[in-house]
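Results of the structural survey
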Amino acid sequence: MEAGSELAELIDRFAREDGVHATPIARVFLIRASRPTMPLHVLHRPAVCFVAQGRKQVMVGEGIYVYDKAQYLVVSVDVPVVGQILKASPRSPYLCLRLDLDPAILGTLLLESGLRAGDSGQCGPALGLSATTAELLDAATRLLRLLAAPRDIAILAPLVEREILYRLLVGEQAARLRQIAFADSRLQQVNRAIGWIKRNFARPFSIDVVAAEACMSPSALHQHFKSITAMSPLQYQKQLRLQEARRLILSEAADAATAGRAVGYDSPSQFSREYGRLFGAPPRRDIARLKATPDLAFGL
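Reference entry: report on the structure contained in this document. What you are looking at is a predicted structure, and each value in this text was computed from that prediction instead of being measured. (Residues numbered from 1 in each chain as written. Predicted model: local features only at pLDDT ≥ 70, side-chain atom pairs only at ≥ 80, totals over all residues. Heavy atoms only, no water.)

Details of helix α3 (residues 134-145)
Put simply, the test is: The helix and strand labels rest on DSSP assignments: H or I over at least four residues marks a helix, E over at least two residues marks a strand, and numbering proceeds from the N terminus. Given the number of residues in a helix, its expected span is that number minus one, multiplied by 1.5 Å. Partly exposed describes any residue whose relative accessible area lies between the buried limit of under 20% and the exposed limit of over 50%, with all areas from a 1.4 Å probe on protein chains only and scaled to the type maximum.
Its 12 residues give α3 an end-to-end C-alpha distance of 16 Å, which sits within 8% of 16 Å, the value for a rise of 1.5 Å per residue. If you check which residues of α3 are buried, you get L136, A139, A140, T141, L143 and L144.

Structure follows, in structure tokens:
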């Protein structure tokens, strides 16, 4: 069987329903959708995504990334994105393998292989696309074959994961992947700021506090934060707040006022305005729209 067809067959076999499915292999998730989706606001984890069937679009700021089985996507930090599945049907669903990236494994591979860490002063967007090579496709397929042999997973899955990461480290996305591995890189400094904002998104903050957490000057943090995430730290905090409020309303049946207060808004009118600006409708109408559609609301 052709490698691309086999990867699609394996995802279809082990992800029978629409959604994001964890697997017995650490950090490996399977994603299936049987129809195109509306644009969905999600916080994308650092990961590499291989589409086996269908097509997806991801937007960050003014950047638009459209990819299918010919390309893979690399995401280097936790970043709010707008994702949309463009091509999918019940007969030919969207099928994707997501491998979350582990900085420790990347760092070990760099040290063991003797590959250069790259220039820690360089920063680029958090997302990047490259052509899927035959070697990457073969390794991804062999990784998913292990789902049919559970007793082999503990020994063989880490070896195949290392192969995938190694091929990424020597490929077009090498600079982006290598910066993930080292604590002194600009990417990891920004990542420390992101971690602080994620832990404290409901609280007011000053850029000086976040810059101190990242061990950067406020001006350097603002510059590099925006070059990586396509937004300022304050805009990043606002997106986290509104996404969490949306989750509270949709999943926990919170009313809009309660959800707004829970994520740090003192003014219900300001919360409603900013919610509508991000999601295209005020809370009540937006949640009704989500409940009326079969889209995967979170995690695509």
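Details of unusual backbone geometry
The phi torsion at R27 lies on the positive side, around 70°, for a residue other than glycine. With respect to the helices and strands, R27 occurs in the loop between β1 (19-22) and β2 (28-33). Positive phi values are uncommon outside glycine, yet C215 reaches one of about 60°. The topology assignment puts C215 in the loop between α7 (207-214) and α8 (218-229). A relative accessible area of 57% places C215 in the exposed class.

Observations concerning the nonpolar core
For clarity, the cut-off: To form a nonpolar core, buried Ala, Val, Leu, Ile, Met, Phe, Trp, Tyr and Cys residues must be joined to one another through side-chain atoms within 4.5 Å. Contacts are assigned to residue pairs with any non-hydrogen atoms lying within 4.5 Å of each other.
Y94, L97, L127, L144 and I164 are the most contacted members of the largest nonpolar core, which has 93 residues in total. Per-element tally for this core: the top contributor is helix α4 (residues 150-169), with 7 residues. For L97, the contacting residues outside a window of four places in its chain are L7, I11, V28, F29, L30, V48, C49, F50, A140 and L144.

Describing the pattern of salt bridges
For the record, the criterion: Put simply, a salt bridge is a Lys or Arg side-chain nitrogen that is within 4 Å of an Asp or Glu carboxyl oxygen.
Evaluation of the coordinates by the stated rule reveals 19 salt bridges. One salt bridge in this structure joins E274 and K238, with 3.6 Å as the shortest N-O distance. On the criterion of sequence distance, the pair formed by E274 in helix α11 (residues 268-279) and K238 in helix α9 (residues 233-252) is long-range, its members being 36 residues apart. Classification of K238 as partly exposed rests on a relative accessible area of 32%.

Details of the packing of aromatic side chains
The criterion, for reference: The pairing test for Phe, Tyr and Trp rings, Trp by its six-membered ring, is centres within 6.5 Å, and the orientation test on the planes gives stacked under 30 degrees, edge-to-face over 60, and tilted for anything in between. Geometrically, a charge over a ring is one whose NZ (Lys) or CZ (Arg) sits within 6 Å of the ring centre while staying within 35 degrees of the ring normal.
Per the counting criterion, the structure on display carries 6 aromatic pairs. Lying over the aromatic face of F29, R98 brings its terminal NZ or CZ to 4.3 Å of the ring centre. The aromatic ring of F279 is capped on one face by R246, whose charged end is 4.0 Å from the ring centroid.

As for the side chain of S34
The cut-off we apply is this: Here a polar contact is taken to be a pair of N or O atoms separated by no more than 3.5 Å, where protein atoms must pair a possible hydrogen donor with a possible acceptor and residues adjacent in sequence count only if both atoms sit in side chains.
Mapped onto the fold, S34 is located in the loop between β2 and β3 (40-44). On the basis of relative accessible area, S34 is assigned to the buried category, the value being 13%. Separated by 2.7 Å, the side chains of S34 and D18 make a polar contact. Not counting residues up to four positions away in its chain, the partners in contact with S34 are D18, A88, S89, P90 and P93.

Description of the packing of α9 against helix α12 (residues 283-291)
Each pair of packed helices can be summarised by the angle the axes make with each other and by the distance between the axes. Where we set the bar: Only the stretch in contact is used when fitting a helix axis, every axis being a line fitted to C-alpha atoms; angles between N-to-C directions are given from 0 to 180 degrees. Any angle from 65 to 115 degrees is called roughly perpendicular, while one under 35 is roughly parallel, one over 145 is roughly antiparallel, and all others are oblique. In this scheme, a crossing is called left-handed if the near helix is turned counterclockwise away from the far one by less than a right angle; it is called right-handed if the turn is clockwise. When residues are grouped by polarity, Ala, Val, Leu, Ile, Met, Phe, Trp, Tyr, Cys and Pro land in nonpolar, Asp, Glu, Lys and Arg in charged, and all others, Gly among them, in polar.
Look at α9 against α12: their axes get within 10 Å of each other, and the N-to-C directions meet at 60°. If you check the angle between α9 and α12, you find them oblique. In terms of crossing hand, the pair formed by α9 and α12 is right-handed. Note on element contacts: α12 touches α9 through P283, D286, I287, R289, L290 and K291, opposite R246, I249 and L250. Tallied by class, residues from the contact of α9 with α12 come to 5 nonpolar, no polar and 4 charged.

Topic: a nonpolar patch on the surface
Rule in force here: Patch rule: a residue counts if its relative accessible area is over 30% and it has no salt bridge; like charges are joined within 9 Å, and nonpolar side chains (Val, Leu, Ile, Met, Phe, Trp, Tyr) within 5 Å. Note that accessible areas follow from Shrake-Rupley with a 1.4 Å probe, and for residues the cover is restricted to the protein chains shown.
Taken together, the side chains of I64, V66 and L86 make up a nonpolar region of the molecular surface, amounting to roughly 230 Å² of accessible area. If you trace the backbone, L86 turns up in strand β8 (residues 79-87).

Here's the deal with the sheet that holds strand β5 (residues 55-60)
Note the cut-off: Only strands that DSSP links by at least two bridges are regarded as paired with each other.
Reading across the sheet, the 4 strands line up as β3-β8-β5-β6 and stay open at both edges, with antiparallel pairing between neighbours. Looking along the sheet, the strands with just one partner apiece sit at the ends: β3 and β6 (63-67). Recorded for the sheet is a direction-independent mean angle of 30° between the axes of neighbouring strands. Sheet analysis places β5 next to β6, joined by 5 bridges and oriented antiparallel. Note on β6: the bridge partner recorded for Q57 is V66.

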